[in-house]
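# A look at the structure
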Amino acid sequence: MADTTRPAPAAADELKTCCAALYESDWARLLLGDSFHPGGVALTLRLGEALGLGPGARVLDVAAGKGTSAIALAERFGCAVVGVDLGADTVREAHAAAEAAGLADRVRFERGDAERLPFADGVFDALICECAFCTFPDKRTAAAEFARVLRPGGRGGLSDLTRSGALPPELDDLLAWIACIADAQPLDRYVACLAEAGLPVDLVEPHDDALAAMVAGIRTKLLGAELLVKLRKLTLPGDIDFARATGLARAAAEAVRQGQLGYAIVVGTKA
Ligand SMILES: C[S@@+](CC[C@H](N)C(=O)[O-])C[C@H]1O[C@@H](n2cnc3c(N)ncnc32)[C@H](O)[C@@H]1O
């Protein structure tokens, strides 16, 4: 896949760090809860089914966030899950969540970059990457890493934002990048990217409704938070530009309505 929007290396590192920091913030939890992707745990379990997970499977969750998906997969399918994320605090929280769930023997987390996965070749039976592939500045390298760490016959599943055609300019700034929107790719680009990496795709499932519901939920929470801050009933860490955040959420909702933004599951198998 030609990464036409690929930022220069320094900008790419800044973007990744910025993304990890935002998802570590109290804001992310306030607006998104514990599961940082459309469809939440239900869609994660659907992805687990599509991957054919079962007891004993070794699963990698790339950009695992606070560990909610890894824990849910381990509980439902009896598999062992390793989560990797760029955020050090995120990894600590995920580890604590696995311990609290009594799953520390089967679910663990470590810090790492999706574009340089800290694992040997062929050690995983399956891999998921939810709502994060679209933020990776070098998607081709990340996809190649996915294929490298999977065993032959292993399955890799993305769940991610998709776009059709150009997005409105208000969905193209730094906040939109971090919110996973600005570099969302057309569905066929994800399919091509996985195929080029050696993971030909055998399943594509649209889940646009999950994205519409998530954006609606964020808009409601933003409005509520702004009101409570104005009434001095809520104090939030740092300054937030409510106008910019609500503008972004409004533009995203419109783009979903117009079919410019969507959400999908894409699964490929390593030959
Ligand atoms: C939208 S959140 C998704 C988290 C999780 N997959 C979920 O669905 O709940 C994006 C996550 O990607 C992580 N991230 C961003 N760039 C990364 C990279 N290059 N390598 C590993 N993790 C990354 C962030 O730290 C953040 O936790």
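This section reports on the structure supplied with the text. (Residues numbered from 1 in each chain as written. Predicted model: local features only at pLDDT ≥ 70, side-chain atom pairs only at ≥ 80, totals over all residues. Heavy atoms only, no water.)

### Overview of unusual backbone geometry
Phi is positive for Ala63, close to 65 degrees, though the residue is something other than glycine. Within the secondary structure, Ala63 sits in the loop between strand S1 (58-62) and helix H4 (68-77). When its relative accessible area of 24% is taken as the criterion, Ala63 is described as partly exposed. For Cys131, which is not a glycine, the phi torsion comes out positive at approximately 50 degrees. Since its relative accessible area comes to 11%, Cys131 is described here as buried. (Helix = DSSP H or I, 4+ residues; strand = E, 2+ residues; numbered from the N terminus. Buried < 20%, exposed > 50% of the residue type's maximum accessible area, 1.4 Å probe, protein only.)

### Side note on the packing of helix H9 (residues 208-230) against helix H10 (residues 242-257)
Two elements in contact, H9 and H10, have axes whose closest approach is 10 Å; the angle formed by their N-to-C orientations is 155 degrees. Put simply, H9 runs roughly antiparallel to H10. Note on packing geometry: the crossing formed by H9 with H10 is left-handed. Here H9 contributes Asp208, Leu211, Ala212, Val215, Arg219, Leu222, Ala225, Glu226 and Val229 to the contact with H10, which in turn contributes Phe242, Ala245, Thr246, Ala249, Arg250, Ala252, Ala253 and Val256. Considered class by class, the residues forming the contact of H9 with H10 number twelve nonpolar, one polar and four charged. (Axes fitted to C-alpha atoms, helices over the stretch in contact; angles between N-to-C directions. Parallel < 35°, antiparallel > 145°, perpendicular 65-115°, else oblique. Left-handed = near helix turned anticlockwise from the far one by under 90°. Contact = heavy atoms within 4.5 Å. Nonpolar A, V, L, I, M, F, W, Y, C, P; charged D, E, K, R; others polar.)

### Focus on the pairing of S1
With four of five residues buried, S1 is to be regarded as a mostly interior element. Inspection of the sheet shows S1 paired to strand S2 (residues 80-85) by five bridges, in the parallel sense. Directly across from Val62, in S2, lies its bridge partner Val84. A crossover connection joins S1 to the parallel S2 through H4; in handedness this β-α-β unit is right-handed. (Pairing = 2+ DSSP bridges. Right-handed = clockwise from strand over helix to strand, strands pointing away.)

### Regarding the sheet that holds strand S4 (residues 124-130)
If you trace the seven strands from one edge of the open sheet to the other, you get S3-S2-S1-S4-S5-S7-S6, paired in mixed fashion. At either margin of the open sheet sits one strand with a lone partner, and together these are strand S3 (107-111) and strand S6 (201-206). Each neighbouring strand pair of the sheet contributes to a mean axis angle of 15 degrees, computed without reference to strand direction. Lying on the sheet, helix H3 (residues 40-50) is in contact with S4, strand S5 (150-163), S6 and strand S7 (261-269); it crosses S7 at an angle near 25 degrees. Across the face of the sheet, H4 comes into contact with S1, S2, S3 and S4 while running at roughly 155 degrees to S3.

Any link to function would need more than the numbers given here.
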